[in-house]
Amino acid sequence: VIYDYREIKGKVSWQNFRKRNFSHWRYREFFPAFSDKGIVSLGEGGTPQTFSRFIGKTAGLRLVFKNETVNPTGSFKDRGTSVEISRALELGIRHVDCASTGNMGASVAAYCAAAGIRAKVFVPRKTAHEKIAHMLAHEAELVIRGRDYNAALALAERDYRLYKTYLMGDYPYRGEGEKSISFEIVDSALANGYFPNYIALPMGNGTLCRAVWKGLKELKGVGLIKRLPKILGFQAERCAPIVNSFKAGAEHIDPVRPKTLAAAIAVGNPLDGLPALDALRESKGVAEAVSDGEILRAQKLLALREGIWAEPSGAVALAGILKLLKMGHLSRNDSVVCLITGHGLKEPRFY
Ligand SMILES: Cc1ncc(COP(=O)(O)O)c(C=O)c1O
C-alpha cells in the first residue's frame, strides 16, 4: 500500500501523536483511511516496552522487551487484524476465510465476532487445543485439516475462490496494521532517550519482518527519524527457509517441511519470504536460526527472570539474541528491542 507521503509529512509529528492515546491507532495517518465509525478495534497495540531486568544486565546489553502478549487476543496479530477487518467491514464483506497456525485465526475470530462477520479458519491438524478453543469461543467455523500451515492455506484459498469470500491473512492490509509496532517502538524509545540499533523478531511467513521494516522506512521518509535500526530475523532451525536463503545469498526461497515445536512460525513456504529477505538485507541486518532447545531455554529464562510468559514462537527473538551474543555479533553498546510476540497461555504444552 502506497500513500501520499508528502501529505502525511505535513500532518504528523511526535508531539501531535502524543496528544492521542498510546495505541495502535495513534498512527492512523499511516494506515489506509477509515472513518471513525468504520474502525473495528478491541484496544490493540500500546503494548509495554520495558528494559530487561536481568538478561540484558547479565549480557551487558541494552535489551528492551516489546511485550506483544498483552494484545486483546494475546499476540501481535491483533494490529493487522484490526486494519484488515475494518477494511472488510467498509467493503461490506460478510464472510472471511483465513489460514493460520493458530494465532491469526484466534485474532480474526475475535475481531469478526466484534464486527458481526462470519469467520472460517483453516488450521493444520497439530494446532494447540488452547488456540482451537479460542477460535471456537468466538464461534468461528473451523477446518482442522492438513499436515502444516501451507496445506491449510491451500484449502483456505480454494474455499475463497469457490465461495467468493474475502481472504484474511498475510496480505497487504495485515502488514499495514503490523507496522504500528515500529511506530510504537520508536515513539517509546525516543520518549525514553534512546534509539534502538536493532529490532529482533521471529519469522514465519515473514509478514511481521516486512511490516516492521516498512514502518521504519515510512518514519524516515516523512522525517520523523534520521536513521534506521537493523532487523534481526530469526527462525527455528527445523523450519528456516528465509534464514537459509539469507545465508546462501539467494534471490528465491526453497520451501522446507516444518518440523519445529515452535508451531506458530512453522511455515515451510512463506508468503512474504522474499520481502522479508529484502528487509533483512536492506537494513543490513542478520538472519539466524535457533534450535528448539534454544527456544525453550529462552522461553524459560524470560518467564523466570523477566516475568513474561511467551509461547515458544514468542520467545524465538530472545533465543536469537542470546545466540548472536555468543557468536559475538552484538556488543555492550548495542540497544536491542526484542519482540515477544505471543502469550504462553496459547501453547502451554511444554510445561
Ligand atoms: C507468536 C508468533 N510469533 C511470530 C509469528 C511470525 O509472524 P509472520 O508469520 O508474520 O512472520 C507468528 C505468526 O503466526 C506468531 O503467531
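Anything mentioned here points back to the structure above.
Being a predicted model, the structure only gives us computed values, none of them experimental.

J.: Just give me the short version of the packing of helix α9 (residues 180-191) against helix α10 (residues 207-221), but keep the residues and values in it.
T.: Contact pair α9 / α10: the axes reach a minimum separation of 7 Å and the direction vectors enclose 55°. Relative to α10, the element α9 lies oblique. Between α9 and α10 lies a crossing of right-handed hand. Packed against α9, whose contacting residues are Ile181, Ser182, Phe183 and Val186, the element α10 presents Leu208, Ala211, Val212, Gly215, Leu216, Glu218 and Leu219 at the interface. Broken down by class, the residue content of the contact of α9 with α10 amounts to eight nonpolar, two polar and one charged.

J.: Break down the packing of aromatic side chains for me, with residues and values.
T.: Under the criterion given, the structure shown has ten aromatic pairs. With a centroid separation of 6.1 Å and an interplanar angle of 65°, the aromatic rings of tyrosine 3 and tyrosine 5 are classed as edge-to-face. Overall, tyrosine 3 belongs to the buried group, its relative accessible area being 14%. Judged by centre distance (5.4 Å) and plane angle (55°), the ring pair of phenylalanine 51 and tyrosine 194 falls under tilted.

J.: Tell me about unusual backbone geometry, residues and numbers included.
T.: Even without being glycine, lysine 164 reaches a positive phi, approximately 50°. With respect to the helices and strands, lysine 164 occurs in the loop between α7 (149-163) and β6 (166-168). On the basis of relative accessible area, lysine 164 is assigned to the exposed category, the value being 70%.

Cut-offs used in this document
Residues numbered from 1 in each chain as written. Predicted model: local features only at pLDDT ≥ 70, side-chain atom pairs only at ≥ 80, totals over all residues. Heavy atoms only, no water. Axes fitted to C-alpha atoms, helices over the stretch in contact; angles between N-to-C directions. Helix = DSSP H or I, 4+ residues; strand = E, 2+ residues; numbered from the N terminus. Parallel < 35°, antiparallel > 145°, perpendicular 65-115°, else oblique. Left-handed = near helix turned anticlockwise from the far one by under 90°. Contact = heavy atoms within 4.5 Å. Nonpolar A, V, L, I, M, F, W, Y, C, P; charged D, E, K, R; others polar. Phe/Tyr/Trp six-rings, centres within 6.5 Å; stacked < 30°, edge-to-face > 60°. Buried < 20%, exposed > 50% of the residue type's maximum accessible area, 1.4 Å probe, protein only.

Any functional reading would require information beyond the geometric quantities listed.
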